[in-house]
Each structure stands twice: as C-alpha cells, then as structure tokens.
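A look at the structure
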Amino acid sequence: MSRSAHPAGPRHADVLPEGHYSAPPADLNALDPKVWAQTVTRDEDGVVTVGGIPVTRLAEEYGTPAYVLDEADFRARARAWRSAFGAEADVFYAGKAFLSRAVVRWLHEEGLNVDVCSGGELATALSAGMPADRIAFHGNNKSVDEITRAVEAGVGHIVLDSFQEIVRVAHIAQGLGKRQKVLIRVTVGVEAHTHEFIATAHEDQKFGIPLAGGQAAEAVRRALQLDGLELVGIHSHIGSQIFDMSGFEVAAHRVVSLLKAVRDEHGVELPEIDLGGGLGIAYTSDDDPREPHEIAKALTEIVTRECEAAKLRTPRISVEPGRAIVGPTAFTLYEVGTIKPLDGLRTYVSVDGGMSDNIRTALYDAEYSIALVSRTSDAEPMLARVVGKHCESGDIVVKDAFLPADLAPGDLVAVPATGAYCRSMASNYNHVLRPPVVAVDGGEARVIVRRETEEDLLRLDVG
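Residues numbered from 1 in each chain as written. Predicted model: local features only at pLDDT ≥ 70, side-chain atom pairs only at ≥ 80, totals over all residues. Heavy atoms only, no water.

A look at the overall build of the protein chain
A count of helical and extended segments in the protein chain gives 12 helices and 21 strands. Relative to its length of 463 residues, the protein chain is compact, with a C-alpha radius of gyration of 23 Å against a globular reference of 23 Å. By residue count, 54% of the 463 residues in the protein chain fall in the buried class. Looking at the protein chain alone, contacts between residues at least 24 apart form 71% of all its contacts between residues at least 6 apart. (Helix = DSSP H or I, 4+ residues; strand = E, 2+ residues; numbered from the N terminus. Rg over C-alpha atoms; globule rule 2.2 N^0.38 Å. Buried < 20%, exposed > 50% of the residue type's maximum accessible area, 1.4 Å probe, protein only. Contact = heavy atoms within 4.5 Å.)

Pasting the structure below:
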C-alpha cells in the first residue's frame, strides 16, 4: 500500500489504523523457505542455523550487524539460471545488486558472465579474474576514463545509452585501434508494475534512447556508420522486482519491430537481444516469484514467436538477473537494543544497524520479513516496527512486523532476502561503520567483505 512521505521524513509520526496490517502468522518460529536462504533452519535448541552454523556463533565471531550469505544457495541459483537458458543464451549477473571478488569467482566457476555499471565494478570483476570478454559495461554517463579502461581491457559489450555516448565510445575505440562490440539500450515505453523509482522503460527517465519518434532507429544508423563500433544488438530493461511477464512480451514485440526495421533499411540482422533483468524475489510470504526455468521458457517463446512473425532469425538472447540470484541468499543479522512499547499503537524495536545497511525501506517503501533467530518463543505476537540506530525518523528496517512479546535486549533477529541492494547501497550515515559480508558453506564461515573500522573511516578524512 502506497503512502505519502511526511516532509520531516518517511513515516514521520505515522499511526496505522486498526486492521491495516495483516494478521500475525500462526507460528512466529516458522521460517518460510520462500524468503530464507536454502540452508537456513532451526536446530534442536531453536537457534537458527545457516550452512550448519548457528547464528549465535556467527554473532559471537563476527559481531552484528552482519550480512550472512549462503554460498551454496548462491551457487545453486546461479546454476539454475545458467541451466534454464542453456548454451544458446547468455546470463549476465547484474553486479550492481552485490559485487565482491568472491562473488565474481563464484560466477566465473558457475559459467555466468557479469555486467558492471561503473569503473569500480569493472575493476572488481577484472581483479577477480572474470575474462574481459564476459563483461558487459552499462551506465547512462560513463566517463572517458571508464570507457577507455573498458575498451583497453577488451570487455565483451558496451551498452550505449545516448547519442553522445555513441560518438564517445567510437572515438575512444578508434583511437585505441579497436572495434568495440556494442548494444544500444532502447526505452520501449513499457512501464513495469513496480515502484516509480525502479520502473525504467517509460520514456520520462534517464536511461536509454526512446523508440518513440524514431530516436532509436537514428541511433542505429549512427552506430552502423562508425568504424570504431560493431553494433551487435539491442538492449531493453523494463524495471525491477517484476513478477508479471506481460511487460516483457510487449517490450520484446517492440524491440523485434526495431530489428525488423533495421533489417529492412540496412540489410543487417542484428544477432543479439538483451532483455535485461528485474525479475522479482520473495521479500515476504505474500510474494510469488517465478522460477528461472519458467522465465527462460517464457522469454524464449516470446522472442521466437515475434521473430518468426517478422521473418527474422531468432537472435541470441541475454538476460541480467542480479537480485534474483543474490537477493534470497543472504540475511542481515542484528542484535536487539532498546524496546519501546507505545500503548495502543505498536512496539518500537531498535536494532544495532538500520538505514546505513539497508536503505531500501526508506528509499523504496520496501517490505521485509523478520524473525527472532537466537531462540524460539511461545509468547503472544506483538505488532512491532523494527527501526535502526540513526538520527532519522525514516530509519525503518521493517515497517510492520509481528515478533514475540517476550523479545528482549540482546536477542538476535534477522531480516531475510537482503543479499541485493543492501551492502551495495550501504553508507556511513552518522559515521556508522558498514557491516561485513560473511559467507557460509558446509559448516565453515569466512569473511568476504570485512567490517569497516574507525581507522578506515578516519583514513579518508584528510582534513
């Protein structure tokens, strides 16, 4: 349910009307496998474990808050996407969801490519050994230095996002004596059924070149004329956290219509089509995401049908799952601090993290689940709002949650499905230190991104 933000910050002095929220779950100790990583379970003492390791031990060894990532789950999801699309398609992991050198190595080993959208992401992918020809470089405002490094490294594709970038990339590639493979990102006028800020294919936004008014067709003309470019296809991305495939069907129809127009005007059949990513995951039990094999079947059938109707050879399909791979594989582990009951309203439960490790609730009005994980409880459910430690009224982790009424300071709680866009969007607001990412697998845990220290924070402050 959408609500307007108060000028003093989201949900400032907000009071929920009776009956706004759902009924409490039948069992507060249950862990819905739809929203938790695959190896998450409770042991005989009621403590949640992941990869065979109790969260109490993880908290003791690595502290809280901490992002805990199930490596086996990550690899399984990567393999599922690779298998679903087969050898005749390409799967690019969207690095913006979460990227680290360990993750890049896992992707490489599981046969996935990676797409990046900044010099830092490119450096991470290259430093971890991802072959450059398996990297695609996105972005609406790539710098000259970023483009130069990408072309020098030999990235497989650069996704062109504007008329200026067509010339910029061509000039840089030609100056380096190279012919760079490129895709043109088009906006196809399809708005995904999602939050306005993450719906990216309608024309009134910063990404891509519109099909409307013949702009995308003109971009193709210009790219085909430049010696520094090898135009190999069209890219389209219609949004994020999408469950309905109908938007992809409309987008594919319009992209294929452009491919047909290119064939008719230039005598060229572009060999690739990238349909982007944006497939949704379950943040709560109410979400119902589709499986990779269902998505692959639907997208392949859509593109094949449209190309047959246009009398075109079916191009090689690329997709870009990021959140759909890493999102469900991690949870954020917190320790409960202050508990503040407000009679007749709710109980505010403060944890030792907040909007610096998960900005999505404040930014997107995102919904999350939460559970008590250091023990079980038979207490009655209480309506809670889980908040962080920051000096901001909008510092909300979970807006409306039911937790046991005997929750106490020192208990551990965890928020599942935080693998995507939590660590990657984390900040040092209030000079809070960013948490570590701890990977678990087969009874072993290791830090793959370490916790920041005060020395890290002060090292940048050269004043």
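And the narrative resumes.
A closer look at empty space enclosed by the protein
With the rule as written, the count across this model stands at four cavities of 30 Å³ or more. What lines the largest cavity is Phe92, Ala136, His138, His157, Val159, Leu183, Glu272, Asp274, Ser318 and Glu320. Going through the elements one at a time, β8 (157-160) and β12 (272-274) are the ones with two or more residues in the lining of the largest cavity. Among the residues forming the lining of the largest cavity, the class breakdown is four nonpolar, three polar and three charged. Of the pockets and cavities examined, the second largest cavity occupies roughly 50 Å³. Its residues placed into classes, the lining of the second largest cavity shows five nonpolar, two polar and one charged. (1 Å grid on protein atoms, 1.4 Å probe; cavity = no way out; pocket = protein on both sides within 12 Å on 5 of 7 lines; lining within 4 Å. Points joined across faces, edges and corners; volume = space filled by probe spheres on them. Nonpolar A, V, L, I, M, F, W, Y, C, P; charged D, E, K, R; others polar.)

Things to note about the packing of aromatic side chains
Tallying each qualifying case throughout the model produces five aromatic pairs. Ring centres of tryptophan 81 and phenylalanine 85 lie 6.0 Å apart, and the angle between their planes is 5 degrees; this geometry places the pair in the stacked category. Of this pair, tryptophan 81 and phenylalanine 85 are both found in helix α2 (residues 71-85), four residues apart, which corresponds to roughly one turn of the helix. Residue classification places phenylalanine 85 among the buried positions, given a relative accessible area of 10%. Taken together through their ring pairs, the aromatic side chains of Phe74, Tyr93 and Trp106 make up a single cluster. (Phe/Tyr/Trp six-rings, centres within 6.5 Å; stacked < 30°, edge-to-face > 60°.)

Quick word on the sheet that holds strand β1 (residues 41-42)
Read across the sheet, three strands follow the order β1-β2-β3 without closing on themselves; strand pairing throughout is antiparallel. Edge positions in the sheet fall to β1 and β3 (53-54), since each of these pairs with one other strand and no more. The pairing of strand β2 (residues 48-50) with β3 spans two bridges and is antiparallel. What sits directly across from threonine 49, in β3, is proline 54. (Pairing = 2+ DSSP bridges.)

Things to note about the environment of arginine 375
Looking at where arginine 375 falls in the secondary structure, it is placed in the loop between β16 (371-372) and β17 (381-387). If near-sequence neighbours (up to four positions away) are discounted, arginine 375 is found in contact with Arg42, Gly46, Asp406, Leu407, Ala408 and Asp411. There is a polar contact of 3.1 Å between the side chain of arginine 375 and the backbone oxygen of aspartate 406. (Polar contact = N/O pair within 3.5 Å; in protein donor to acceptor, adjacent residues only side chain to side chain.)

Regarding the nonpolar core
Counting 110 residues, the largest nonpolar core has Tyr93, Ile158 and Ile184 as the members making the most contacts within it. For this core, the leading source of residues is helix α8 (residues 246-266), giving eight residues. Of all hydrophobic cores here, the second largest spans 22 residues; its members include Leu31, Val47, Phe331 and Leu412. (Core = buried A, V, L, I, M, F, W, Y, C linked by side-chain atoms within 4.5 Å.)

What to know about the packing of helix α5 (residues 144-153) against helix α6 (residues 163-175)
Axis angle and axis distance: for two packed helices, these are the angle between their axes and the distance between the axes, and together they describe the pair. Look at α5 against α6: their axes get within 10 Å of each other, and the N-to-C directions meet at 50 degrees. When the axis of α5 is compared with that of α6, the two are oblique. Between α5 and α6 the crossing geometry is right-handed. Only Arg168, Val169, Ile172 and Ala173 of α6 make contact with α5, whose side of the interface consists of Val144, Ile147, Thr148 and Val151. Residues of the contact of α5 with α6, tallied by class, amount to six nonpolar, one polar and one charged. (Axes fitted to C-alpha atoms, helices over the stretch in contact; angles between N-to-C directions. Parallel < 35°, antiparallel > 145°, perpendicular 65-115°, else oblique. Left-handed = near helix turned anticlockwise from the far one by under 90°.)

A word on helix α7 (residues 215-225)
Buried within α7 we find Ala216, Ala219, Val220 and Ala223. Each buried residue of α7 sits inside an arc of 100 degrees when the element is viewed along its axis, so together they form one side. Next to the buried residues of α7 lie α6, β9 (180-187), β10 (209-210), β11 (229-235) and α8. (Arc of directions from axis to C-beta.)

Some details on unusual backbone geometry
Each neighbour pair has its own omega, and for threonine 64 with proline 65 the value is -5 degrees, a cis peptide bond. For proline 65, the location among the structural elements is in the loop between α1 (55-62) and β4 (66-70). One non-glycine residue, lysine 311, adopts positive backbone phi at about 60 degrees. Among the structural elements, lysine 311 can be located in the loop between α9 (292-309) and β13 (316-319). Classification of lysine 311 by relative accessible area gives exposed; the value is 69%. One non-glycine residue, tyrosine 421, lies in the positive phi region at around 60 degrees. By secondary structure assignment, the location of tyrosine 421 is in the loop between β19 (412-416) and β20 (437-441). Judged by its relative accessible area of 12%, tyrosine 421 is buried.

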